[in-house]
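Understanding the architecture of this molecule
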Amino acid sequence: MSDLICSAVSCIYNINGVLCSARNVHIGIKGISNNIEDTDCETYLNRNLKNTLTSIVNTNLIGEVKQIVSSNEIEMSPQVICDAKQCTYNSGDLCVAKRVQIYGLKCEDSRCTKCEVFVSKS
C-alpha cells in the first residue's frame, strides 16, 4: 500500500486537506495516455449527504483510528488501483509508488483531480 497525500479538499474522503480516508483509491486514465493531465481519481466524491452515506463502505476506519493516535506518520494508506498501464509505478493494475499525491484544490468532480506521481514508461 502507498502513502497517499491528497489536496482535493472537497472530496468526502479528504481529511485536513492532506490525508485520504478511503480504503481503496482508483486512478483512472483517458485511453492509453502518457500524459499526467489525463489521469484522475475516480474515487473522488464531492461532499454532500448522499455521498457521505455511500462512502462509508470504502472508508478506512481502522486507519482513521490509528491516524488519530499517530500524528508523526501517515497511518491511512489506501490500496491504489491504477488503470494507467503506461505508468512506471503500475504493477498488475496496482500502484507500487511509496508515496502517491493527488491534487485538485477546487474540485466538483473527479475530472479535476490528477495523479501527480504518474511517470510514463516511455
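What comes next concerns the included structure. Since we're looking at a predicted model, the values are computed, not measured.

Before going further, it helps to spend a moment on the overall build of the protein chain. Helix and strand content of the protein chain: two helices and 10 strands. Taking 14 Å as the expected radius of gyration for a compact globule of 122 residues, we find that the protein chain reaches 14 Å, a close match to that expectation. If you line up the protein chain on its principal axes, its C-alpha atoms span 40 × 30 × 20 Å. Taking all 122 residues of the protein chain together, 46% fall into the buried category. Within the protein chain, contacts between residues at least 6 apart in sequence are counted, and of these 63% link residues at least 24 apart. Counting every atom, the protein chain has about 6800 Å² of accessible surface; 55% of that belongs to carbon and sulfur.

Here we take up the environment of V69. Looking at the element boundaries, V69 is found in helix α2 (residues 61–69). When its relative accessible area of 73% is taken as the criterion, V69 is described as exposed.

Tallied over the full model, the rule gives three salt bridges. D3 is the partner of R99 in a salt bridge, and the nearest nitrogen-oxygen pair spans 3.8 Å. Here R99, found in strand β9 (residues 99–103), pairs with D3, found in strand β1 (residues 3–6); they are 96 residues apart in sequence, far enough to count as distant. According to the relative accessible area criterion, D3 is buried, its value standing at 11%. Between K85 and D93 there is a salt bridge, and its shortest N-O distance comes to 2.2 Å.

Relative to the elements of secondary structure, S7 occurs in the loop between β1 and β2 (14–15). In contact with S7, not counting residues within four places along its chain, are N14, G17, I102, Y103, G104 and L105.

Pairing of strand β4 (residues 24–29) with strand β6 (residues 79–82) involves four bridges; the strand directions are parallel. The residue of β6 that forms the bridge with H26 is I81. With three bridges joining them, β4 and strand β5 (residues 39–41) adopt antiparallel strand pairing. What sits directly across from I27, in β5, is C41.

With that settled, consider the pairing of β9. Here β9 shows a clear split, with V100 and I102 buried on one side and none of R99, Q101 and Y103 buried on the other. Here β1 pairs with β9 via four bridges, running parallel. Bridging from a neighbouring strand, D3 pairs with R99 of β9. Where β9 and strand β10 (residues 114–115) come together, two bridges link them in antiparallel fashion. Note on β10: the bridge partner recorded for I102 is C115.

So, how was this worked out
- Residues numbered from 1 in each chain as written.
- Predicted model: local features only at pLDDT ≥ 70, side-chain atom pairs only at ≥ 80, totals over all residues.
- Heavy atoms only, no water.
- Helix = DSSP H or I, 4+ residues; strand = E, 2+ residues; numbered from the N terminus.
- Rg over C-alpha atoms; globule rule 2.2 N^0.38 Å.
- Buried < 20%, exposed > 50% of the residue type's maximum accessible area, 1.4 Å probe, protein only.
- Contact = heavy atoms within 4.5 Å.
- Areas by Shrake-Rupley, 256 points an atom, 1.4 Å probe, with all protein chains shown as cover.
- Salt bridge = Lys/Arg side-chain N within 4 Å of Asp/Glu carboxyl O.
- Pairing = 2+ DSSP bridges.

Purely spatial values, then, with no claim about function.
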